[in-house]
Amino acid sequence: TLTPAAGSTASFTFPTRNTIQKTSATGSSEQVITDEANFTGFITFSPASTGNLRTIGFTDISASPTPYYNFTFASGSANYSTVVNNATTFTGTYAANDTFTLIVTAAYTRFFRNGAEVYTDAPNAASQRRLRGYFSLAVQNDVIQNIAVGYAEAGPTGATGPTGPTGPTGQQGTPGTAANT
């Protein structure tokens with residue numbers, strides 16, 4: 001469930017399913033955060049335009065509302081960055097309606113743009129935390145659509161199976177011909 005953060009209730013509408021629109025003209029960033037929290041999860045979304053300042057990802061609800069894993073979109077350009085614990089890890093460009101996905105498990109954190117992985121990170125013990133979806137928008141009428149947020153189950157890898165039997169010996173090759181000896 002997407003809920004405006006305290007103090008931002010009147011700043012957002014939800015015009016269609018899985019869509020957020022910032023309606024206030026404050027000029028400052030305001031947030032929508034998911035009610036659900038998980039230790040692993042995924043978030044997928046599509047910005048309807050470029051050039052608007054926004055941060056979208058996961059926040060650790062026990063520490064602060066500052067996002068830990070996120071995509072940050074630059075104001076006035078089509079640039080975006082992936083961010084882990086406030087450190088920029090990758091920068092690229094995007095177009096309106098591109099699809100972004102962030103997956104966090106105990107084994108990895110992976111960032112995608114239009115299905116192509118742009119950055120991966122191996123989490124450490126300090127990065128294991130309760131995560132809530134986080135949407136921070138600064139510009140009036142900015143729209144984020146096609147939002148999906150959920151739990152990402154990453155089961156353990158099973159044991160390696162036994163080696164299979166050796167295959168049959170291949171056919172004998174054609175005999176060669178003797179040249180000058």
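Residues numbered from 1 in each chain as written. Predicted model: local features only at pLDDT ≥ 70, side-chain atom pairs only at ≥ 80, totals over all residues. Heavy atoms only, no water.

## Some points on the packing of aromatic side chains
For the structure shown, the criterion picks out 16 aromatic pairs. With 5.8 Å between their ring centres and 75 degrees between their planes, Tyr94 and Phe100 make a pair best called edge-to-face. Comparing Tyr94 with Phe100, the two get one shared label, buried. Taken together, the ring pairs in this structure connect Phe45, Phe71, Phe73, Tyr80, Phe90, Tyr94, Phe100, Phe111 and Tyr119 into an aromatic cluster. Lying across the ring of Phe73, Arg54 places its NZ or CZ 5.4 Å from the centre. When the ring centre of Tyr108 is taken as origin, the NZ or CZ atom of Arg110, which lies over that ring, is 5.4 Å away. (Phe/Tyr/Trp six-rings, centres within 6.5 Å; stacked < 30°, edge-to-face > 60°. Buried < 20%, exposed > 50% of the residue type's maximum accessible area, 1.4 Å probe, protein only. Lys NZ or Arg CZ within 6 Å of the ring centre and 35° of its normal.)

## Considering the confidence of the model for the chain
A low pLDDT means the predicted coordinates there should not be read in detail. Here the chain averages 86 in pLDDT, while 90% of its residues score no lower than 70. In the model of the chain, strand β1 (residues 2–4) stands out as the element of lowest mean pLDDT, 85, in contrast to strand β3 (residues 20–22), which has the highest, 95. (pLDDT = per-residue confidence, 0-100. Helix = DSSP H or I, 4+ residues; strand = E, 2+ residues; numbered from the N terminus.)

## Description of the environment of Tyr94
Its location among the elements puts Tyr94 in the loop between β9 (87–93) and β10 (100–104). Separated by 17 residues in the primary sequence, Tyr94 and Ser77 have C-alpha atoms spaced 9.3 Å apart. Dropping the residues within four chain positions of it, Tyr94 is found in contact with Pro47, Ser49, Thr50, Gly51, Arg54, Phe73, Ser77, Ala78, Asn79, Tyr80, Phe100 and Arg113. Side-chain polar atoms of Tyr94 contact the side chain of Arg54, separated by 3.1 Å. (Contact = heavy atoms within 4.5 Å. Polar contact = N/O pair within 3.5 Å; in protein donor to acceptor, adjacent residues only side chain to side chain.)

## Describing the sheet that holds strand β2 (residues 12–13)
Pairing in this open sheet of 7 strands is antiparallel, and the strands run β2-β3-β14-β5-β10-β11-β12 from one edge to the other. Looking along the sheet, the strands with just one partner apiece sit at the ends: β2 and β12 (116–121). (Pairing = 2+ DSSP bridges.)

## Points about unusual backbone geometry
Its identity is not glycine, yet Asn141 carries a phi of approximately 70 degrees, on the positive side. Within the secondary structure, Asn141 sits in the loop between β13 (131–137) and β14 (143–150). The phi dihedral of Asn146 falls on the positive side, at around 55 degrees, and the residue is not glycine. The residue Asn146 is located in strand β14 in this model. For Asn146, a relative accessible area of 49% puts it in the partly exposed group.

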